[in-house]
Amino acid sequence: MKKLPLKDIKQLPSKPSDVKYQYRRTPMSPIVERELSHIPQLKTSLDDMLNTIRFGRYQLICYLTLGLILINDGAEIITLSFLVPILEKDPSWLLNTLEIEVLASSVFVAALITSFFSGKLADSFGRRRPLIVIVFLTYIFAMLQAAVSNYRELLMFRIIYGGLVGLQFPMSFSYLAEITPPYARGKMMVLASGFYAIGGILACFLALGYLDNISAGNWRALFLWIAQPAIICFFLLIYHIKDSPRHLFLVKRNTEEGIAVLEHIARLNGYRSPYAGVSEESNSQGGTRNSPFSEKQINGLILWAQNQDGIFVKDAIGNPKTLWVGDYKGISINIWIIWFVVAIVYHGMAYYLPLLLATVENVLVISTDKEQIYEALIIVCAEILSVAIAFLFVDRSRRNSIMTSFLICGVACLIVFFNELGMVLVIAISRVAINVCFAIAIPYTTEIYPTSIRATGMGFAGACSRFGGVIMPWITISLFKIYPLAPFIAYSALCLLAAYCCKHISYDTVCADLDYHEMKDRYYEMNSLPPNDSLYRA
């Protein structure tokens, strides 16, 4: 086997798609595909296939299905902000400050703990099956919260619910990242983050219907209704969602099942290769089934999966230690700080917004109107604008977009502290900015880690987010007692810290292929390579 001279390697294309194109246009054409099937540079990666199949019906079903559980999660955050002032003044509850802080922190503590295990669970057992169990349990315990009779029961169910949220978050977004074509991944995952805003809007509308005002009303009905998206998600997961083909290829090493899932996606999306009718594959029952892919595409996928053997070592799958190897050490630390800050600022504003509005507007007793609920609704609706902004900028630069949004949020928080005039508008701007950070951080985090530790990396990022949620009530309430607008100083300082961390991440992931590893030293002359029938028959 003769290698090209080193001086000629630099003249060759650097991407698999460019290599294929050059081969088609050389004077050697036409080249028999069978004689090229073993060449690593002609492998077909899963991202190549997803780009070929395009974003279609299957991905839309997946986004809508997992979007339902994200709606439930987003609604829970806003419902908690309404629950605090109600239980504080309800004669049958009359919770003190410590009980309120423990209740608010308990959800995040449980999510923090389970987030460390969610990645290992998802990377070892797949995304779909664990999600089915988790979503069903989420529905059960969300419903039980509506039937509690005392503080201990409410606290216990909130803890269990928080643990389930910590498990499902990294699995959901890891799955969505792995089934989405690279050309659409950034924008579609930004839109997926918009389900949180939809959940918050849903909670506000339910509050308008079931609460008398921001300090009194039927809070049990809120818990009852916001749990319903979870049960719909449960049935859709069972009947319409397949496991991640990327996880099947690279972690489970089940090429046959991975190709079968891709074929299912292609059929739902209406894709069929013009060369698919040339051959048929035998199935396990001895019959034949017509594949929507050509034999070259199938062989290319097999070659790509085999090329990952040395990368996806069994001991590294879901191993947290891998997050500290090489460049990932610096990346992980900065990513964790970003998620930590996003959680404190985002959840902090949502948590004490009703109390802030009531205090600043001197509503210290139970009111008969719903003005504060409407104001909370306006601020939550502003998050829809943040999804649109993130959608526009996510494919320009993930890192720079997050850094700029942190700077805008930090400045807006300073303005709120020094000037109460137009406070609701400026808070809405800061909420938009921090939500842009959250929306773009999701695809950025899922793309920067490989499949073997993607859910683990997302799980640890989620754990840092939950840790921010744990200490958020203590920071917010403590500063609030000093001065109602004092928390905004802390939020501003944290945003500036996160912007600094963004600057020190040297990687961007715009349109990046997941798990693509280029082998620059393995380009060979075409006519020096004999056919490899064993790979062809595979």
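Rules used in this analysis
Residues numbered from 1 in each chain as written. Predicted model: local features only at pLDDT ≥ 70, side-chain atom pairs only at ≥ 80, totals over all residues. Heavy atoms only, no water. Helix = DSSP H or I, 4+ residues; strand = E, 2+ residues; numbered from the N terminus. Buried < 20%, exposed > 50% of the residue type's maximum accessible area, 1.4 Å probe, protein only. Contact = heavy atoms within 4.5 Å. Areas by Shrake-Rupley, 256 points an atom, 1.4 Å probe, with all protein chains shown as cover. Core = buried A, V, L, I, M, F, W, Y, C linked by side-chain atoms within 4.5 Å. Axes fitted to C-alpha atoms, helices over the stretch in contact; angles between N-to-C directions. Left-handed = near helix turned anticlockwise from the far one by under 90°. Nonpolar A, V, L, I, M, F, W, Y, C, P; charged D, E, K, R; others polar. Patch = residues over 30% accessible without salt bridge, like charges linked within 9 Å, V, L, I, M, F, W, Y side chains within 5 Å. Salt bridge = Lys/Arg side-chain N within 4 Å of Asp/Glu carboxyl O. Phe/Tyr/Trp six-rings, centres within 6.5 Å; stacked < 30°, edge-to-face > 60°. 1 Å grid on protein atoms, 1.4 Å probe; cavity = no way out; pocket = protein on both sides within 12 Å on 5 of 7 lines; lining within 4 Å. Points joined across faces, edges and corners; volume = space filled by probe spheres on them. Expected span 1.5 Å × (residues − 1). Polar contact = N/O pair within 3.5 Å; in protein donor to acceptor, adjacent residues only side chain to side chain. pLDDT = per-residue confidence, 0-100.

Student: Explain the overall build of the protein chain to me, please; I cannot follow it from the model alone.
Tutor: Of the regular secondary structure elements, the protein chain holds 20 helices and 4 strands. Scored against the burial criterion, the 538 residues of the protein chain give a buried share of 58%. When contacts within the protein chain are restricted to residue pairs at least 6 apart in sequence, long-range pairs at least 24 apart make up 84% of them. A total accessible area of about 22,200 Å² is found for the protein chain, and carbon and sulfur atoms account for 63% of it.

Student: I would appreciate a short explanation of the nonpolar core in the present structure.
Tutor: The nonpolar side chains of a soluble globular protein tend to be buried, and buried together. Membership of the largest hydrophobic core comes to 161 residues, with the highest contact counts inside it found for Phe173, Leu262 and Phe406. For this core, the leading source of residues is helix H4 (residues 57-89), giving 17 residues. Apart from the residues within four sequence positions on either side, Phe173 is in contact with Leu70, Met189, Ala192, Tyr196, Ile442, Thr446 and Met458.

Student: It is not clear to me how the packing of H4 against helix H6 (residues 128-144) should be interpreted in this structure. Could you clarify?
Tutor: The geometry of a pair of packed helices is captured by two quantities: the angle between their axes and the separation between those axes. For the pair H4 and H6, interaxial distance at closest approach is 12 Å and the crossing angle is 35°. Along this stretch, H4 crosses H6, giving a crossing that reads as left-handed. On H6, the residues that touch Leu66, Ile69, Asn72 and Glu76 of H4 are Leu131, Val135, Thr138 and Ala142. By residue class, the composition of the contact of H4 with H6 is 5 nonpolar, 2 polar and 1 charged.

Student: Explain a nonpolar patch on the surface here, please?
Tutor: A cluster of nonpolar side chains, Val133, Phe136, Leu137, Ile140 and Leu144, forms an exposed patch at the surface whose accessible area comes to about 360 Å². Note on placement: Leu144 falls in helix H6. Among the residues examined, Leu144 registers a relative accessible area of 32% and is labelled partly exposed.

Student: How should the packing of aromatic side chains be read in this particular structure?
Tutor: Here a ring pair, both rings aromatic, is described through the centre-centre distance and the interplanar angle of the planes. Tallied over the entire structure, the rule returns 17 aromatic pairs. On the numbers, 5.2 Å between centres and 70° between planes, the contact of Phe234 with Phe235 is edge-to-face. You can call Phe234 buried: its relative accessible area is 12%. Note on Phe417 and Tyr483: the rings are 6.0 Å apart at their centroids and 85° apart in plane angle, and the pair reads as edge-to-face. Within this pair, whereas Phe417 is found in helix H16 (residues 398-418), its partner Tyr483 is found in the loop between helix H18 (451-482) and helix H19 (487-503), the two being separated by 66 residues in sequence. Under the relative-accessibility criterion, Tyr483 is labelled partly exposed at 34%. Grouping aromatic residues by their ring pairs yields a cluster made of Phe169, Phe173, Tyr196, Trp339, Tyr346 and Phe438.

Student: Would you take a moment to explain the environment of Ile373 for this structure?
Tutor: With respect to the helices and strands, Ile373 occurs in helix H15 (residues 371-393). C-alpha of Ile373 to C-alpha of Leu208: the two residues are 165 residues apart in sequence and 6.8 Å apart in space. When neighbours within four sequence positions are excluded, Ile373 is seen to be in contact with Phe82, Cys204, Ala207, Leu208, Leu211, Asn213 and Ile214.

Student: I tried to follow unusual backbone geometry on my own but got confused; where do I start?
Tutor: A negative phi holds for most residues other than glycine; trans holds for most peptide bonds. The phi angle at Arg54 is positive, at roughly 75°, despite the residue not being glycine. Take Arg54: it is sitting in the loop between helix H3 (46-53) and H4. For Arg54, a relative accessible area of 43% corresponds to the partly exposed category.

Student: Looking at this structure, I do not really get empty space enclosed by the protein. What am I missing?
Tutor: Enumeration over the complete set of coordinates arrives at 7 cavities of 30 Å³ or more. The volume enclosed by the largest cavity comes to roughly 180 Å³. Lining the largest cavity are 14 residues, and of these Tyr196, His347, Phe438, Ser465 and Arg466 sit closest to its centre. If one sorts the elements of the lining of the largest cavity by residue count, helix H14 (residues 328-360) sits on top with 5 residues. Partitioned by chemical class, the residues of the lining of the largest cavity number 8 nonpolar, 4 polar and 2 charged.

Student: Whenever I open this one, the pattern of salt bridges confuses me. Can you help?
Tutor: Side-chain pairs of opposite charge can arise where the charged atoms are in close proximity. Applying the stated rule across the entire model yields 7 salt bridges. Here Asp47 and Arg246 are joined by a salt bridge, their closest N and O atoms 2.8 Å apart. Taken together, the residues span a long stretch of sequence, with Asp47 in helix H3 and Arg246 in helix H11 (residues 245-250) at a distance of 199 residues. For Arg246, a relative accessible area of 0% corresponds to the buried category. Residues Arg158 and Glu76 are paired through a salt bridge, measuring 2.5 Å at the closest nitrogen-oxygen approach. Pair noted here: Arg158 is in helix H7 (residues 151-179) and Glu76 is in helix H4, with a separation of 82 residues, a long-range link.

Student: Can you walk me through the packing of helix H8 (residues 182-210) against helix H9 (residues 219-226) in this structure?
Tutor: At their nearest, the axes of H8 and H9 sit 9 Å apart, and the two run at 145° to each other. Crossing of H8 against H9: the hand is right-handed. Taking contact as the criterion, the partners of Ala203, Leu206, Ala207 and Tyr210 in H8 are, on H9, Ala221, Leu222, Trp225 and Ile226. Among the residues making up the contact of H8 with H9, the classes are represented as 8 nonpolar, no polar and no charged.

Student: Just to check I follow, could you spell out helix H13 (residues 295-307) for this structure?
Tutor: Along an α-helix, residues three or four positions apart point the same way, because every turn accommodates 3.6 residues. Spanning 13 residues, H13 covers 18 Å between terminal C-alpha atoms, matching the ideal 18 Å at 1.5 Å per step. Most of H13 sits inside the fold, with 10 of its 13 residues counted as buried. Three or more residues of H13 are buried, namely Gln297, Ile298, Asn299, Gly300, Leu301, Ile302, Leu303, Trp304, Ala305 and Asn307.

Student: Just checking my understanding: could you explain the side chain of Arg398 for this structure?
Tutor: In this structure, Arg398 sits in helix H16. Here Arg398 falls in the buried class, since its relative accessible area comes to 0%. Within the local environment of Arg398, its side chain forms a polar contact with the backbone oxygen of Val394, the two atoms lying 2.6 Å apart.

Student: Before we go on, may I ask you to explain the confidence of the model for the protein chain in this structure?
Tutor: Low pLDDT means the predicted atomic positions in that stretch should not be read closely. Taken as a whole, the protein chain shows an average pLDDT of 76; of its residues, 77% reach a score of 70 or greater. Element-level pLDDT for the protein chain is lowest in helix H20 (residues 533-537), with a mean of 33, against a maximum mean of 92 in helix H10 (residues 228-240). Segment residues 278-287 is flagged for pLDDT under 50; beyond a separation of four residues in sequence, or across chains, it makes 14 contacts in the model. The low-confidence segment residues 362-368, where pLDDT is below 50, has 14 contacts with residues more than four positions distant or belonging to other chains.

Student: Explain the side chain of Ser106 to me, please; I cannot follow it from the model alone.
Tutor: Looking at where Ser106 falls in the secondary structure, it is placed in helix H5 (residues 97-125). When residues no more than four places from it in sequence are discounted, the contact partners of Ser106 are Leu155, Arg158 and Ile159.

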